[in-house]
Amino acid sequence: MLKKFTDPLPIMKTIRPTSYIQNVPFYEVTMQETIQKLHRDLPPTRVWGYNGQYPGPTFQVLRHQPIHVLWKNELPDRHILPIDTTVHGAEKNNPEVRTVVHLHGGVTPDTSDGYPEAWFTRDFQKTGPHFTNRLYTYPNHQPSTNLWYHDHAMGITRLNIYAGLAGMYIIHDQEEARLNLPNGVFDIPLIVQDRSFHVDGRLLYPSEPDKPLTAPRPSVVPEFFGDTILVNGKVWPYFNVEPRRYRFRILNGSNTRFYRFSLSNGAPFIQVGSDQGLLEIPIRVQSLILAPAERADVIVDFSTCYGESIVLRNEFETQGEKPDPETTGTVMQFRVVQSLTCPDDSSIPAHLAPVAKLTHYQQTRTLRLNMRKDSYDRSIHLLDDRLWSDPVSETPRLGQTEIWNLINETQATHPIHLHLVRFQILDRQPFDRDLFEKEGRIVPTGPRVPPTLNERGWKDTVRANPGEITRIIIPFGPYPGLFVWHCHILEHEDYEMMRPYVVIR
Ligand code: C2O
Ligand code: CU
Ligand code: CU
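Residues numbered from 1 in each chain as written. Chains lettered and ligands numbered in written order. Predicted model: local features only at pLDDT ≥ 70, side-chain atom pairs only at ≥ 80, totals over all residues. Heavy atoms only, no water.

## Topic: the sheet that holds strand E26 (residues 414-418)
- The antiparallel open sheet is built from four strands, whose spatial order is E28-E26-E30-E31. Strands at the two margins of the open sheet, each flanked by one partner only, are strand E28 (461-464) and strand E31 (498-503). Taking each pair of neighbouring strands and ignoring which way they run, the sheet shows an average axis angle of 25°.
- Bridge analysis of strand E30 (residues 481-487) against E31 gives six bridges, and the strand direction is antiparallel. When the bridges of E31 are listed, Val 484 appears paired with Pro 500. (Pairing = 2+ DSSP bridges. Helix = DSSP H or I, 4+ residues; strand = E, 2+ residues; numbered from the N terminus. Axes fitted to C-alpha atoms, helices over the stretch in contact; angles between N-to-C directions.)

Here it is in structure tokens:
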């Protein structure tokens, strides 16, 4: 087993524009294969990185300042991970290595949103059926928050992200700056991901499911759990901190794994933001759940911890069991060993940003999260019992607000994400599964439970728990067009738990 806390936490570089096109910053990002040391005792690992870095460089942008990005693919022709060619979009006649970049949480017109079928290969030699343009534009007209960019190519997203194609994208604005939260070197993004390795250092991603025996080889798997935890691309790193407040922008960038973060010294997290920006007021939590793609913006106060070593733990229970503290129960370590370089004059104001509650809406949709068996007897996860290739069924009108009732008939929580929009969680309510299965009726068995305090901000990904109706309220806009919504467990997303949707005029 790899030794913990041997490597310092890497901090991703901030990317700089290469030029300006009529005063709009222009960035060029090239996807490249590279080798990286992911742990002191692990041989170098072949990874894919934006600008040859895993994780990719961090974008730091200002609200209302649009940017252009030219995403280029200089990856090899062969994939470094096993491809299942029975998965829609990954068939044998398609190029093995295809990429398209999506800015997760970005309010982006569809031509720059990274539609899964808008993929392209090395030097744009081949492009997918929905490819429209090379140069992407991000308007950045949204409040300060922590977004991330990652690959979204049809049928191989789980493999491309696992190979390393992900990075942070932070939007700043004046409202955020005025709060005087910890900043500069005391404001740190943390991308948490799990991985497994072969002894020679290669990334290990399963190519065969345990069952059924009839499955093709390689085969998509219904879930992936790595046996090590990486933060910013290092296995179980440590981070030397000063006895003061820090701001951590935490992203769960894992394929399937959920986390419940906590600090070994019992200190709380003061959560100031969620997926889509600042909460109304800071929320003090002892532990923090993040499903894949969810983000939490938190303040941790080390001011009384001089000399201590504090472990960031993961205590997310699966089937009543906590992860092993020796492995995936540990995330990283903070060492409060540095002396104060300057006094901490940051603050945590009692009020952060107004979050106006949505109440008015024009339409309601009831959408199932369900399962089927494919022709190989593998389970296939679906949105409202439809395949990706079925005709578009969700067509909200531009400027209208809808309530979506997500009815989770499966046994697992699915983090449901919609492109383009931000939404609010209304409530969650258990329903009678038996009645639903027998008669198709939805009969609640308990009250509607409002979201937790730290879920009461703007979201773009919501945990829909099994046996529950999760209700979200979504204003559609500001752009019409073709987008997607999907489960963000990448193994589900790739295997049919993703649907196109159209915002119509
Ligand atoms: Cu984070 Cu459709 O993606
Ligand atoms: Cu997204
Ligand atoms: Cu799912």
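## Let's talk about the pairing of strand E12 (residues 228-231)
- Alternating positions in E12 separate into two faces, Thr 228 and Leu 230 on one and Ile 229 and Val 231 on the other, with burial throughout.
- When strand E10 (residues 187-197) meets E12, the two strands line up antiparallel, connected through four bridges. Opposite Val 192, over in E12, you have Val 231 as the bridge partner.
- Alignment of E12 against strand E13 (residues 234-235), held across two bridges, turns out to be antiparallel. By the bridge assignment for E13, Leu 230 is matched with Val 235.
- Between the end of E12 and the start of E13, which pair antiparallel, lie two residues, with Asn 232 showing a positive phi angle near 50°. (Buried < 20%, exposed > 50% of the residue type's maximum accessible area, 1.4 Å probe, protein only.)

## Describing the coordination of the copper ion (ligand 2)
- The protein atoms donating to the copper ion (ligand 2) are His 102 (NE2) and His 417 (NE2), with metal-donor distances spanning 1.8 to 1.9 Å. On the criterion of sequence distance, the pair formed by His 102 in strand E6 (residues 101-104) and His 417 in strand E26 is long-range, its members being 315 residues apart. An identical accessibility class is assigned to His 102 and His 417; each is buried. (Donors = N, O, S within 2.8 Å, 3.2 Å for Na, K, Ca; no water.)

## Examining the coordination of the copper ion (ligand 3)
- At 2.0 to 2.1 Å from the copper ion (ligand 3) lie its protein donor atoms, namely His 414 (ND1), Cys 487 (SG) and His 492 (ND1).
- In primary sequence terms, the donor set of the copper ion (ligand 3) follows H-x72-C-x4-H.
- Take Cys 487: its relative accessible area is 0%, and that puts it in the buried class.

## Topic: the nonpolar core
- If you look at the biggest cluster of nonpolar residues, it comprises 102 residues, and the most contacted ones within it are Phe 59, Trp 71, Tyr 169, Phe 248, Phe 261 and Phe 334.
- If sequence neighbours within four positions are ignored, Tyr 169 has contacts with Phe 59, Val 61, Ile 67, Leu 103, Tyr 138, Asn 140, Thr 145, Asn 146, Leu 147, Trp 148 and Tyr 149.
- Judged by nonpolar contacts, the second largest core, of 26 residues, contains Ala 291, Leu 367, Leu 406 and Ile 416. (Core = buried A, V, L, I, M, F, W, Y, C linked by side-chain atoms within 4.5 Å. Contact = heavy atoms within 4.5 Å.)

## Notes on the packing of aromatic side chains
- Counted by the stated rule, this structure contains 31 aromatic pairs.
- Measuring from centroid to centroid gives 6.3 Å for Phe 248 and Phe 302, while their planes differ by 75°, and the two rings are edge-to-face. Note that Phe 248 is positioned in strand E15 (residues 245-252) and Phe 302 in the loop between strand E20 (295-301) and strand E21 (309-314), a separation of 54 residues in sequence. Accessibility assignment for this pair places Phe 248 and Phe 302 in one class, buried.
- Following the ring pairs from residue to residue traces out a cluster consisting of Tyr 27, Tyr 50, Phe 59, Trp 71, Tyr 136, Tyr 138, Tyr 149 and Tyr 169.
- Sitting over the ring of Tyr 238, Arg 335 keeps its end group 3.7 Å from the ring centre. (Phe/Tyr/Trp six-rings, centres within 6.5 Å; stacked < 30°, edge-to-face > 60°. Lys NZ or Arg CZ within 6 Å of the ring centre and 35° of its normal.)

## Notes on the side chain of Thr 413
- Tracing the chain through its elements places Thr 413 in the loop between strand E25 (401-408) and E26.
- Look at Thr 413 and you get buried, because its relative accessible area is 18%.
- Only 3.1 Å separates the side chain of Thr 413 from the side chain of Asn 465, close enough to count as a polar contact.
- Those residues within four positions of Thr 413 in sequence are excluded, and the remaining contacts are Phe 258, Asn 408, Arg 463, Ala 464, Asn 465, Pro 466 and Ile 489. (Polar contact = N/O pair within 3.5 Å; in protein donor to acceptor, adjacent residues only side chain to side chain.)

## A few points about the environment of Glu 491
- Secondary-structure assignment places Glu 491 in helix H4 (residues 490-494).
- Relative accessible area serves as the criterion here: at 1%, Glu 491 is assigned to the buried category.
- Taking the C-alpha atoms as reference points, Glu 491 and Thr 256, separated by 235 residues in sequence, lie 7.2 Å from one another.
- Excluding residues within four positions of it along the chain, Glu 491 makes contact with Arg 158, Tyr 205, Val 220, Val 221, Pro 222, Glu 223, Phe 224, Asn 255 and Thr 256.
- At 2.9 Å, the side chain of Glu 491 and the side chain of Asn 255 are in polar contact.

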